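Structural features, examined
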Amino acid sequence: MSMVYLAGPVRALPNRSMAIEWREKMALILARMGMYSFNPALAFGTPAVHCAKTETELQMANDLIISHSAAVIVAWQDVVSHGTDHEIDLLLTLKKPYILINLVSDPERVRSE
């Protein structure tokens, strides 16, 4: 099975649910297609993340996951997110296939129905 990395802002958003909801819906859609997904928004606050002592270590972990993903789905939201900018730079450098979803103009774009 292929894995898709679900990129986009997490900590830059006003509330955590904005980072999690679209990813959970997308994970359901991908699962129906027989694909795995990685939700970095759920990784925050877990013991795995506490092993990363610096932002650089956390970024290195995400970079490794992106490099092993078959594709990346990026949710664009109207916030400054250096992590998302880095994820986009990395996927372009690695020539990963990607989809950009604009959640600013159409927040209901991702539906699990």
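For the structure, check the block above.
Throughout what follows, the structure given in this document is the object of discussion.

1. What to know about the sheet that holds strand β4 (residues 98–102)
Strands sit in the order β2-β1-β3-β4 across an open sheet of 4 strands; the sheet is parallel. The two strands at the open ends of the sheet, each matched to only one other strand, are β2 (36–38) and β4. Neighbour-to-neighbour, the strand axes of this sheet turn through a mean angle of 20°, independent of strand direction. Along the sheet, helix α1 (residues 16–32) makes contact with β1 (3–7), β2, β3 (71–76) and β4, crossing β1 at roughly 165°.

2. Let's talk about the side chain of S69
Examined against the element boundaries, S69 turns out to sit in the loop between α4 (55–67) and β3. Given the relative accessible area of 2%, S69 is considered buried. Polar side-chain contacts of S69 include one of 2.8 Å to the backbone oxygen of I65. Not counting chain neighbours up to four residues away, the residues in contact with S69 comprise M3, V4, Y5 and K96.

3. Quick word on the packing of aromatic side chains
A complete count under the given rule lists 1 aromatic pair for this structure. Ring centres 5.7 Å apart and planes at 25° place the aromatic pair Y5 and F38 in the stacked group. With Y5 in strand β1 and F38 in strand β2, this residue pair connects regions lying 33 residues apart in the sequence.

4. A look at the environment of V72
With respect to the element layout, V72 can be found in strand β3. What makes V72 buried here is its relative accessible area of 1%. For the pair V72 and M3, spaced 69 residues apart in the sequence, the C-alpha separation amounts to 8.7 Å.

5. Thoughts on helix α5 (residues 82–93)
With 12 residues, α5 should reach 16 Å at 1.5 Å per residue; the first-to-last C-alpha distance of 16 Å fits that figure. The set of residues buried in α5 consists of T84, E87, L90 and L91. For α5, the buried positions fall inside an angular range of 120° around the axis, keeping them on one side. Opposite the buried face of α5, at more than 90 degrees from it, the exposed residues are H82 and T93. Looking one or two residues past α5, K95 carries a phi angle of roughly 60°, positive in sign.

What counts as what
- Residues numbered from 1 in each chain as written.
- Predicted model: local features only at pLDDT ≥ 70, side-chain atom pairs only at ≥ 80, totals over all residues.
- Heavy atoms only, no water.
- Pairing = 2+ DSSP bridges.
- Helix = DSSP H or I, 4+ residues; strand = E, 2+ residues; numbered from the N terminus.
- Axes fitted to C-alpha atoms, helices over the stretch in contact; angles between N-to-C directions.
- Contact = heavy atoms within 4.5 Å.
- Buried < 20%, exposed > 50% of the residue type's maximum accessible area, 1.4 Å probe, protein only.
- Polar contact = N/O pair within 3.5 Å; in protein donor to acceptor, adjacent residues only side chain to side chain.
- Phe/Tyr/Trp six-rings, centres within 6.5 Å; stacked < 30°, edge-to-face > 60°.
- Expected span 1.5 Å × (residues − 1).
- Arc of directions from axis to C-beta.

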